[in-house]
Each structure stands twice: as structure tokens, then as C-alpha cells.
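# A closer look at the structure
The residues making up each chain are set out below.
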Amino acid sequence: MTTFFEFEADFVDSLRCIPMQVRYNLDTCGIKLKLSDWNQMTQAERETLVSLPCTTAAEIQAYQEYLQQLIIERTGTPAATLPIDPKPAWLDSDNVPVTLQEKAQEIGITITLSQWQNLTPLQRFALLKLSRPGHENKNFPRAIAEFNLVISH
């Protein structure tokens with residue numbers, strides 16, 4: 001299933017940036033995709049990367065192989081691989097990551113465990129990516145609002 005977030009609305013039609021759905025799949029299959037490589041792909045290829053399933057072991061392997069082949073065709077060089085976290089924080093619904101809590105507190109909110117548990121893995125992934133230090137965080141408050149994580153006082 002393809003999921004785009006409202007905070008991505010300014011670029012999902014053109015897919016000029018890598019949407020969270022694809023970034024999630026990249027972390028799942030362990031491939032580092034540069035924006036410059038993404039921008040060399042056709043619109044149809046980008047849409048395929050958005051819609052291809054990447055959940056089961058077979059799907060993850062197929063996604064990885066498809067993407068690597070695509071990058072080699074476009075750039076002549078395979079993409080760098082990344083270690084795959086066997087227990088990524090976005091799949092752990094029992095613990096709200098401290099780094100996320102700290103980022104949320106910067107904008108005056110607290111994310112409760114029940115709120116965290118009610119989010120989809122993709123929503124959790126997006127919050128974690130948007131809360132990383134050094135990341136352009138303008139979409140973090142937008143994601144917080146979109147996911148109905150209310151501001152606490």
C-alpha cells in the first residue's frame with residue numbers, strides 16, 4: 001500500500017524528493033539512495049519504488065535487487081549498502097525513543113506510550129527520521145499535527 005503524508009504534499013506529485021515510504025523501504029533493505037541518483041530515475045521508476053512491497057524477506061530481497069539494478073543502470077555504480085537494524089525503533093511499539101521525546105519536548109509536547117502504540121510503523125519511522133539531529137526539522141511539527149499528537153500543557 002502506498003502512503004504519502006500531508007507534510008510531503010509539496011513534492012509527492014513530482015516525486016522530486018524521496019518520500020518517507022521509500023525511505024522506510026531503504027532502511028528496511030539496507031540501501032543508501034542518494035537524492036542525485038533518485039533524480040536520475042524516471043517518474044515511472046520512482047513510482048515503482050514507492051509502490052513495491054518491502055515487508056517479507058522475499059519482498060525485501062526483490063526490492064533491494066530491483067533498486068540496485070536501477071541505480072547501476074542510471075549511474076554505472078552500485079548504491080552503498082547500510083547495515084539493517086534487526087530491531088528498529090519504529091517497530092518497537094513498547095518504547096517511545098528518548099531522542100524523539102527530547103525533540104517533541106523542544107516544541108512543547110510529550111508523546112505518550114499509548115499515542116506511540118497507535119501510530120503505524122511508517123508514522124513512527126517518519127517521526128524518528130524528522131527528529132534526528134542535523135536534519136531539516138520543519139516537517140517535524142507538521143507530522144506531529146498530522147498524526148494528531150496533541151500539544152500538552
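Residues numbered from 1 in each chain as written. Predicted model: local features only at pLDDT ≥ 70, side-chain atom pairs only at ≥ 80, totals over all residues. Heavy atoms only, no water.

### Quick word on the overall build of the chain
Helices and strands together make up the secondary structure of the chain, namely nine helices and two strands. Taken from the N to the C terminus, the helices and strands of the chain come in the order α-α-β-α-α-α-β-α-α-α-α. In terms of C-alpha radius of gyration, the chain reaches 16 Å, essentially the compact-globule figure of 15 Å for 153 residues. With the C-alpha coordinates aligned to their principal axes, the bounding extent of the chain is approximately 55 × 30 × 30 Å. Within the chain, buried positions represent 42% of all 153 residues. (Helix = DSSP H or I, 4+ residues; strand = E, 2+ residues; numbered from the N terminus. Rg over C-alpha atoms; globule rule 2.2 N^0.38 Å. Buried < 20%, exposed > 50% of the residue type's maximum accessible area, 1.4 Å probe, protein only.)

### A closer look at the packing of aromatic side chains
Scanning the model with the defined rule gives six aromatic pairs in all. Here the aromatic rings of Phe5 and Phe147 are separated by 5.1 Å at their centres, their planes lie at 65 degrees, and the arrangement is edge-to-face. Here the residue Phe5 occupies a position in the segment before helix 1 (9-12), and Phe147 occupies one in the segment after helix 9 (139-146), the gap between them amounting to 142 residues. Assigned by exposure class, Phe5 and Phe147 land together as buried. Grouped by ring-pair contacts, the aromatic residues Phe5, Phe7 and Phe147 constitute a single cluster. Positioned above the aromatic ring of Trp116 is the side chain of Arg124, whose terminal nitrogen or guanidinium carbon lies 5.5 Å from the ring centre. (Phe/Tyr/Trp six-rings, centres within 6.5 Å; stacked < 30°, edge-to-face > 60°. Lys NZ or Arg CZ within 6 Å of the ring centre and 35° of its normal.)

### Remarks on unusual backbone geometry
One non-glycine residue with positive phi stands out, namely Leu15, at about 55 degrees. For Leu15, the location among the structural elements is in the loop between helix 1 and helix 2 (20-29). Take Leu15: its relative accessible area is 2%, and that puts it in the buried class. At Asn148, a residue that is not glycine, the phi angle is positive and equals roughly 60 degrees.

### Focus: helix 6 (residues 98-106)
Buried within helix 6 we find Leu100, Gln101, Lys103 and Ala104. Buried residues in helix 6, looked at end-on, bunch into an arc of 165 degrees, giving them a common side. Set apart from the buried face of helix 6 by more than 90 degrees, the exposed residues are Val98 and Glu106. In this structure, the buried residues of helix 6 make contact with helix 7 (113-118), helix 8 (121-130) and helix 9. Following helix 6 by one or two positions, Gly108 has its phi on the positive side, about 85 degrees. (Arc of directions from axis to C-beta. Contact = heavy atoms within 4.5 Å.)

### Observations concerning the pattern of salt bridges
Two side chains that carry opposite charge are able to pair once their charged atoms sit near each other. Throughout the structure, instances matching the rule amount to three salt bridges. For Arg74, the salt bridge goes to Glu45, with nearest N and O atoms at 2.5 Å. Here Arg74 is found in helix 5 (residues 57-75), whereas its partner Glu45 is found in helix 4 (residues 43-51), with 29 residues between them in sequence. With a relative accessible area of 29%, Arg74 lands in the partly exposed category. (Salt bridge = Lys/Arg side-chain N within 4 Å of Asp/Glu carboxyl O.)

### Let's talk about the environment of Gln115
Secondary-structure assignment places Gln115 in helix 7. The exposure class assigned to Gln115 is buried, which follows from its relative accessible area of 16%. Taking the C-alpha atoms as reference points, Gln115 and Ser93, 22 residues apart in sequence, are found 9.6 Å from one another.

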